[in-house]
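Single-letter residue listing:
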Amino acid sequence: MQRLRTMRRVLDEGEWLTAEQLNALQPDPPANASHPASDWKRRKRIFSVNHGGRDYFPRYQFDAMYQPLPIIKEILAAFGEVADPWLLAAWFHFPSGWIVRRDDTDTVAVAPKDALDRRDAVLAAAARRPSSYVA
């Protein structure tokens, strides 16, 4: 039940795109509606989760022109093989103690999806994940 609640929360709190939507957002959309998303996924430049028989791609993986952010490929490589893509989605979604934001009075854990501009910190967090406890 906890896994289902986590999946629902990740879906509800994020922006998700289908392959068809990504296709339509391209400057010159390929004729095949599953492209370019299926190609990017095969090349491990992005990931998706399956819900209700459809693949959904988190919006944070893409730049303003809906092209994959290069950091995603690096994170996926650092993360390693994953049998359940929902594990990836949850890792990106929830705050990580390995990625923090400091201000004058506090230190706050940041979700990897919100720190994609902090390459070294996010890659280090992905590499540390196997030795970290996840609730």
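Here the structure is shown first, and the text comes after it.
Procedures and definitions
Residues numbered from 1 in each chain as written. Predicted model: local features only at pLDDT ≥ 70, side-chain atom pairs only at ≥ 80, totals over all residues. Heavy atoms only, no water. Pairing = 2+ DSSP bridges. Helix = DSSP H or I, 4+ residues; strand = E, 2+ residues; numbered from the N terminus. Axes fitted to C-alpha atoms, helices over the stretch in contact; angles between N-to-C directions. Parallel < 35°, antiparallel > 145°, perpendicular 65-115°, else oblique. Left-handed = near helix turned anticlockwise from the far one by under 90°. Contact = heavy atoms within 4.5 Å. Nonpolar A, V, L, I, M, F, W, Y, C, P; charged D, E, K, R; others polar. Salt bridge = Lys/Arg side-chain N within 4 Å of Asp/Glu carboxyl O. Buried < 20%, exposed > 50% of the residue type's maximum accessible area, 1.4 Å probe, protein only. Polar contact = N/O pair within 3.5 Å; in protein donor to acceptor, adjacent residues only side chain to side chain.

Q: Describe the pairing of strand β4 (residues 96-102), naming the residues involved and giving the relevant values.
A: The pairing of β4 with strand β5 (residues 107-110) spans four bridges and is classified as antiparallel. Paired with V100 across the strands is A109, a residue of β5. Here β4 folds back onto β5 in antiparallel fashion, the turn holding four residues.

Q: Break down the packing of helix α4 (residues 70-79) against helix α6 (residues 119-128) for me, with residues and values.
A: Here α4 crosses α6 at 25°, and the two axes come no closer than 8 Å. When the axis of α4 is compared with that of α6, the two are roughly parallel. When you trace α4 past α6, the crossing you get is right-handed. In contact with I71, E74, I75, A78 and F79 of α4, α6 contributes R119, V122, L123, A126 and A127. Of the residues belonging to the contact of α4 with α6, the class tally is eight nonpolar, no polar and two charged.

Q: Explain the pattern of salt bridges to me, and be specific about the residues and the numbers.
A: All told, the structure shown has eleven salt bridges when counted by the stated rule. A salt bridge links D39 to R42, with the shortest nitrogen-to-oxygen separation between them at 2.4 Å. A residue pair is termed a helical-turn pair when its members lie 3 or 4 positions apart in one helix, as D39 and R42 do in helix α3 (residues 37-42) at three residues. Taking the relative accessible area as the measure of exposure, D39 reaches 19% and is therefore buried. Between E74 and R119 there is a salt bridge, with the nearest N and O atoms lying 2.5 Å from each other. In this pair, E74 sits in helix α4 while R119 sits in helix α6, placing the two residues 45 residues apart along the sequence. Residue class for R119 comes out partly exposed when judged on its relative accessible area of 41%. Connected via shared salt-bridge partners are D39, R42 and R43.

Q: Any details on the environment of R5? Residues and values, ideally.
A: Here R5 shows up in helix α1 (residues 2-13). Put simply, R5 and F62 are 57 residues apart on the chain and 26 Å apart in space, counted from C-alpha to C-alpha.

Q: Can you break down the side chain of Q61 residue by residue, with the values?
A: With respect to the helices, strands and loops of the structure, Q61 is situated in the loop between β3 (54-58) and α4. A distance of 2.8 Å separates a polar atom in the side chain of Q61 from the backbone nitrogen of F47. Not counting chain neighbours up to four residues away, the residues in contact with Q61 comprise I46, F47, Q67, P68, L69 and I72.

Q: Help me get a handle on the sheet that holds strand β1 (residues 16-17), residues and values and all.
A: Read across the open sheet, the three strands follow the order β1-β3-β2; overall the sheet is antiparallel. Edge positions in the sheet fall to β1 and β2 (49-51), since each has one partner strand and no second. Alignment of β1 against β3, held across two bridges, turns out to be antiparallel. For W16, the partnering residue across the bridge sits in β3 and is P58. Across the face of the sheet, helix α5 (residues 85-93) comes into contact with β1 and β2 while running at roughly 110° to β2.

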